[in-house]
There are 2 protein chains.
Amino acid sequence: MQTEIINIGDELLIGQVVNTNAAWMAEQLNLSGFKVERVTIIGDEREQIIEALRAAEKRVPVVLISGGIGPTKDDITKTTLCEYFNTRLVFNPDAYRDIETIFARRGYSVTELNRQQAMLPEACLTLPNPNGTARGMWFEKQEGLQGTTVFVSMPGVPFEMKAMMTDHVIPALKNTFQTPFICHKTILTQGIGESFLAARIEKWENDLPTHLKLAYLPQPGIVRLRITGMGTDEAQIRKEIEEQSAKLESLIAEHVFGYDMDTLEEIVGRLLNGKGAILATAESCTGGYIAHLITSVPGSSAYFKGSVVAYANDIKSELAGVLPETLQKHGAVSQATVEEMATGIQRRFEADYVIATSGIAGPDGGSTEKPVGTTWIAIASPGEVVSSLFTFGDNRERNIRRTALQALNMLRKKILQI
Amino acid sequence: MQTEIINIGDELLIGQVVNTNAAWMAEQLNLSGFKVERVTIIGDEREQIIEALRAAEKRVPVVLISGGIGPTKDDITKTTLCEYFNTRLVFNPDAYRDIETIFARRGYSVTELNRQQAMLPEACLTLPNPNGTARGMWFEKQEGLQGTTVFVSMPGVPFEMKAMMTDHVIPALKNTFQTPFICHKTILTQGIGESFLAARIEKWENDLPTHLKLAYLPQPGIVRLRITGMGTDEAQIRKEIEEQSAKLESLIAEHVFGYDMDTLEEIVGRLLNGKGAILATAESCTGGYIAHLITSVPGSSAYFKGSVVAYANDIKSELAGVLPETLQKHGAVSQATVEEMATGIQRRFEADYVIATSGIAGPDGGSTEKPVGTTWIAIASPGEVVSSLFTFGDNRERNIRRTALQALNMLRKKILQI
């Protein structure tokens, strides 16, 4: 089942915004058995929009559109769709109620510009947008090349588009079109690079049956391995993927931390909840990023007490409990300091587990002895503290991210005692 | 001068790779007076490539292509270009010498696959690639709609494409075509939604001369306003944009925090550095995210001492200096608590400025009196503490982000005493 994506927005054509919507939409469509044939980015221009719709309609039965449906003057997608589908704007009471609700929640009354957003094309089904004031629009055209052609217009704001795709568009597309059965399993690994991983699993990968495919999806600090199977016998495909996944995991067991949409911060949260244990962090080079990841999980206040971000040395001593002699003798980026941070915060916060970090994130502060990327991580657990030294790269953002992921995976293993 | 970009690669259509090339190419083209009318992403398929070339040729005089010119079987752009331009592959000694040099540097001899990369279309000028083995290809066609049409094929690997664009493609395009001058200025605002902003500046926007355009670029918590001018008289356009930008700013002065690529965390960092002042944070609902933003800026250790992330109430008392009676009487999400957090950490860290946050990020923890999104922010400065109450939305991630940006902008204004 073939689809095209049209992303509308002048900001995408001057390079001010990277078009991340297309990749996300394409991934979701692929996971549901829809192939993306083409992505077209055009500006907020009537003629361009109409030409792009007309050309896509000739090629594919599903056209997904994002962008250009905000309340302001430059957003002309809605009126252009009206023209294309030869329909008119009518007042939609449901849409208006949703807009009122959003404004009421913020303590405002609806502005005239936003009231206009409840005027929607008569010829479409509208799709709710719980995160914004622009509804989605689902049009069907019968005279297309392959019979029915579906056009769906969604907001350009990524989180609004994503919720609408997941909750409405993908389920409705699956209802409308017959797609082959596609099954995916993603194995999540931490602490090993793509090429080392590829060398470790080379033989297994070469022996994979041809109807199963492996994809490497690297991110800073994490490599996701996705096994995809396609066919008609759902039970058989699921069974084969499970078997191959088990073989794969046995080759790289120490690096596998989860599956599919898991995150390390969610996994750690579930483990702590299950044990009724309390976590705190003592962060130097990660600067609060580990606490941020942990508290990005809803309900984290049940197991996370807090953090001391000890960027300055006197804070490491006074709040995190590092002895001034330790700092003087070994320096801030040292095993002794990071272990004292971990046990100091464990006592002070009365926490069961503590993550502590100290490193040189860069770009400045490195030396021959301790180059940029040098990082100590300690994990304090009941009655014990362990620590490890890592040498990451020279990119500040990636060093912070890799330190945080490595630390969370060390905590995961410590809780599981593996 | 109008252009189109064609990005070729199956990986872009399954969502495995975000297409960052288009945004970068578009930005460079715009800065040189070339307008990008459309971006098309297609797979490594002969028919798709030919159709995309044919369609682009009908619309614009400049077509820039990236991707699909590597040494492997799936890379078919080069042979397809030969077909499209009715030419043949010939051995290019310069290209072969470059390939040998690259392989020698890595200590290998040239493989047969890479030797094939020195076979290049007879009808094109080739462009050197110091970072890889695939040369660029510059084709000209005389029978295009507007006279000469230029097609340039470049590698898909971002750093190879970027060097080729900068060193060869942009200079050659400027030599070939006369371009108008294009100038952008982006005004960054915080704390006001897109539609409220539009209502405030409606009259100014309507009165804009037609050769200046305004675009709204919203992100969670921030709306960027971009003014674009185009013409032949560079000095005149720059002057007009500055005049209009000044008028615009006077209408929304309290929300403007910077320009173009500025971030709030960088601006605050520069201000603190300039004053030799020290910052710390006391975070509840933001869970370390403000400290993370601040420490994402290289060199932030010069002005940032650290943070107490006080998720649990006993940490708010013991480390952040909130009186237990205050917590009992007013609760954790209250003006009294957030102000005591700010002044407590100011004393404890011997900091000049402190940001403190306490709110209900959601999705749980709300009540009728204090619904999800209720957030107190306090700023302690030398001799003073101020605080404000905000009602954000019901999305945890956005509430954390909006709180952080609001807090950083409050700090900015406090430092500037505006």
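S.K.: Hey, could you go over the overall build of chain A for me, with residue numbers and the actual values?
M.R.: Helix and strand counts for chain A come out as 16 helices and 17 strands. Taken along the three principal axes of its C-alpha coordinates, chain A extends 80 × 60 × 45 Å. For chain A, buried positions account for 56% of its 418 residues. Carbon together with sulfur atoms contributes 50% to the accessible area of chain A, which is approximately 17,400 Å² in total.

S.K.: Go over the packing of aromatic side chains, please, and point to the residues and values.
M.R.: Two measures describe an aromatic ring pair: the distance that separates the ring centres and the angle between the ring planes. With the rule as written, the count across this model stands at 18 aromatic pairs over all chains. Aromatic side chains Y84 of chain A and F151 of chain A sit 6.0 Å apart centroid to centroid with 65 degrees between the ring planes, which places their arrangement in the edge-to-face category. Separated by 67 residues along the polypeptide, Y84 of chain A in helix 4 (residues 77–84) and F151 of chain A in strand 8 (residues 147–154) bring together distant segments of the chain. Under the relative-accessibility criterion, F151 of chain A is labelled buried at 0%. Aromatic side chains F390 of chain B and F392 of chain B sit 5.6 Å apart centroid to centroid with 0 degrees between the ring planes, which places their arrangement in the stacked category. When its relative accessible area of 5% is taken as the criterion, F392 of chain B is described as buried. Grouping aromatic residues by their ring pairs yields a cluster made of Y84, F85, F139 and F151 of chain A. Over the ring of Y259 of chain A we find K185 of chain A; its NZ or CZ atom is 4.7 Å from the centre of that ring.

S.K.: An account of the sheet that holds strand 10 (residues 212–219) of chain A is requested, with residue identities and associated values reported.
M.R.: Residue and element names in this part refer to chain A. Here we have 4 strands laid out as an open sheet, ordered 10-11-9-12, and antiparallel in their pairing. If you trace the sheet from one side to the other, it starts and ends with strand 10 and strand 12 (256–259), each paired once. Strand-to-strand twist in this sheet, taken as the mean axis angle between neighbours without regard to direction, amounts to 25 degrees. Pairing of strand 10 with strand 11 (residues 222–231), which is carried by 8 bridges, proceeds in the antiparallel orientation. Paired with P218 across the strands is V223, a residue of strand 11.

S.K.: Mind laying out the nonpolar core, listing which residues take part and the relevant values?
M.R.: Side chains that are nonpolar tend, in soluble globular proteins, to be buried together. Counting residues in each nonpolar core, the largest one holds 50 residues, and the members touching the most others are V308, I345 and F349 of chain A together with V308, I345 and F349 of chain B. In this structure, I345 of chain B is in contact with A280, T281, A282, V308, L319, A320, E350 and V354 of chain B, ignoring residues within four places of it in sequence.

S.K.: Before we move on, can you summarise the domain arrangement of chain A with the specific residues and values?
M.R.: Note: interface size is frequently given as the accessible area lost on complex formation between the parts. Residues and elements named next belong to chain A. Here chain A is described as being made up of domain 1 (2–176), domain 2 (181–259) and domain 3 (264–416). Put simply, the middle of domain 2 and the middle of domain 3, counted by C-alpha atoms, are 31 Å apart. Contacts between domain 2 and domain 3 engage 9 residues on the former and 10 residues on the latter. For the pair domain 2 and domain 3, the summed buried surface comes to about 800 Å²; carbon and sulfur atoms form 55% of the total.

S.K.: I'd like a description of the interface of chain A and chain B, backed by residues and values.
M.R.: On the chain B side, the residues contacting the 72 residues of chain A number 71 residues. Buried area between chain A and chain B, summed over both chains or domains, comes out near 6,000 Å², and the portion from carbon and sulfur atoms is 55%. Looking only at chain A, the three residues that lose the most surface to chain B are I14, Q16 and Y311 of chain A, adding up to 10% of its buried area. Applying the counting criterion to the chain A and chain B interface returns 7 salt bridges. A salt bridge links K305 of chain B to D314 of chain A, with the shortest nitrogen-to-oxygen separation between them at 3.0 Å. Summed over the shared surface of chain A and chain B, the number is 31 residue pairs in polar contact (both at pLDDT 80 or more).

S.K.: How would you summarise the packing of helix 2 (residues 20–31) of chain A against helix 7 (residues 158–176) of chain A if you had to cite specific residues and measurements?
M.R.: Two quantities define a packed helix pair, namely the angle between the helix axes and the distance between the axes. All names here are of chain A. Two numbers describe how helix 2 lies on helix 7: the axes approach to 11 Å, and their chain directions differ by 25 degrees. One way to sum up the angle between helix 2 and helix 7 is to call them roughly parallel. As helix 2 packs across helix 7, the resulting crossing turns out to be right-handed. Contacts between helix 2 and helix 7 pair N21, W24, M25, Q28 and L29 from the former with P158, M161, K162, M165, T166, I170 and L173 from the latter.

S.K.: Can you explain the side chain of S300 of chain B? Please cite residues and give values.
M.R.: As for its position among the elements, S300 of chain B is in the loop between helix 12 (289–295) and strand 14 (304–310). With residues near it in sequence (within four places) discarded, S300 of chain B still touches Y311 and R396 of chain A together with I294 and T295 of chain B.

S.K.: Describe the sheet that holds strand 10 (residues 212–219) of chain B, with residues and values.
M.R.: Neighbouring strands of a sheet are bound in pairs by backbone hydrogen bonds; such pairs are parallel or else antiparallel. All names here are of chain B. Taken in spatial order, the 4 strands make up an open sheet running 10-11-9-12, and their pairing is antiparallel. Looking along the sheet, the strands with just one partner apiece sit at the ends: strand 10 and strand 12 (256–259). With strand direction ignored, the average angle separating the axes of adjacent strands in the sheet is 25 degrees. Sheet strands in contact with helix 10 (residues 234–251) are strand 9 (181–190), strand 10, strand 11 (222–231) and strand 12, and its direction is about 15 degrees off that of strand 9.

S.K.: Could you give me a rundown of the packing of helix 3 (residues 46–59) of chain B against helix 4 (residues 77–84) of chain B, with the residues and numbers involved?
M.R.: Residues and elements named next belong to chain B. At a closest axis distance of 10 Å, the pairing of helix 3 and helix 4 adopts a crossing angle of 50 degrees. Our classification of the angle between helix 3 and helix 4 gives oblique. Helix 4 is crossed by helix 3, and the crossing has right-handed handedness. Within the contact between the two elements, helix 3 uses R46, I49, I50, L53, R54 and E57 and helix 4 uses T77, T80, L81, E83 and Y84. Residues that form the contact of helix 3 with helix 4 fall into these classes: 5 nonpolar, 2 polar and 4 charged.

S.K.: Can you tell me about the pattern of salt bridges, naming the residues and giving the values?
M.R.: Going through the model one piece at a time under the given rule, you end up with 41 salt bridges over all chains. Close ionic contact of E37 of chain A with K35 of chain A constitutes a salt bridge, the shortest N to O distance being 3.2 Å. A network of salt bridges, in which partner residues are shared, links E4, R38 and R59 of chain A together with E51 of chain B.

S.K.: Lay out helix 16 (residues 396–416) of chain A with the relevant residues and their values.
M.R.: All names here are of chain A. Under the 1.5 Å per step criterion, the end-to-end length of helix 16 is 30 Å for 21 residues, consistent within 8% with the ideal 30 Å. At the N-terminal boundary of helix 16, the capping side chain belongs to N395, with an oxygen 3.1 Å from the backbone nitrogen of E397. Phi turns positive, to about 50 degrees, at Q417, one or two residues after helix 16.

S.K.: Run through the side chain of R412 of chain B, naming residues and quoting values.
M.R.: Residue and element names in this part refer to chain B. Note that R412 resides in helix 16 (residues 396–416). Put simply, R412 is tucked away with no salt bridge, and the nearest opposite charge, on E249, sits 8.9 Å away. Setting aside anything within four residues of it in sequence, one finds R412 in contact with V256, F257, L264, I267, V268, L271 and I418.

S.K.: So what's going on with a negative patch on the surface? Residues and values would help.
M.R.: Residue and element names in this part refer to chain B. Taken together, D10, E11, E45 and D74 make up a surface patch of like negative charges. Within the secondary structure, D10 sits in helix 1 (residues 10–13). Since its relative accessible area comes to 39%, D10 is described here as partly exposed.

S.K.: Mind laying out the environment of F181 of chain A, listing which residues take part and the relevant values?
M.R.: All names here are of chain A. Along the chain, F181 turns up in strand 9 (residues 181–190). In this structure, the C-alpha to C-alpha distance between F181 and T343, residues 162 residues apart in sequence, is 52 Å. Not counting the four nearest positions on each side in its chain, F181 is found in contact with G229, M230, G231, E234, I237 and R238.

S.K.: Tell me about the pairing of strand 15 (residues 353–359) of chain B, and name the residues and values.
M.R.: Residues and elements named next belong to chain B. Most of strand 15 sits inside the fold, with 7 of its 7 residues counted as buried. Note: strand 13 (residues 279–283) against strand 15, 5 bridges, orientation parallel. Looking at strand 15, one finds that A280 is bridged to V354. Summarising the sheet, strand 15 and strand 16 (residues 374–381) pair through 6 bridges and their orientation is antiparallel. Across the sheet, the residue bridging to V354 is A380, located in strand 16.

Conventions we followed
- Residues numbered from 1 in each chain as written.
- Chains lettered and ligands numbered in written order.
- Predicted model: local features only at pLDDT ≥ 70, side-chain atom pairs only at ≥ 80, totals over all residues.
- Heavy atoms only, no water.
- Helix = DSSP H or I, 4+ residues; strand = E, 2+ residues; numbered from the N terminus.
- Buried < 20%, exposed > 50% of the residue type's maximum accessible area, 1.4 Å probe, protein only.
- Areas by Shrake-Rupley, 256 points an atom, 1.4 Å probe, with all protein chains shown as cover.
- Phe/Tyr/Trp six-rings, centres within 6.5 Å; stacked < 30°, edge-to-face > 60°.
- Lys NZ or Arg CZ within 6 Å of the ring centre and 35° of its normal.
- Pairing = 2+ DSSP bridges.
- Axes fitted to C-alpha atoms, helices over the stretch in contact; angles between N-to-C directions.
- Core = buried A, V, L, I, M, F, W, Y, C linked by side-chain atoms within 4.5 Å.
- Contact = heavy atoms within 4.5 Å.
- Domains from an automatic or database assignment.
- Buried area = accessible area lost by both parts, 1.4 Å probe.
- Salt bridge = Lys/Arg side-chain N within 4 Å of Asp/Glu carboxyl O.
- Polar contact = N/O pair within 3.5 Å; in protein donor to acceptor, adjacent residues only side chain to side chain.
- Parallel < 35°, antiparallel > 145°, perpendicular 65-115°, else oblique.
- Left-handed = near helix turned anticlockwise from the far one by under 90°.
- Nonpolar A, V, L, I, M, F, W, Y, C, P; charged D, E, K, R; others polar.
- Expected span 1.5 Å × (residues − 1).
- Lys, Arg positive; Asp, Glu negative; His and termini not counted.
- Patch = residues over 30% accessible without salt bridge, like charges linked within 9 Å, V, L, I, M, F, W, Y side chains within 5 Å.
- Charge placed at Lys NZ, Arg CZ, Asp CG, Glu CD.

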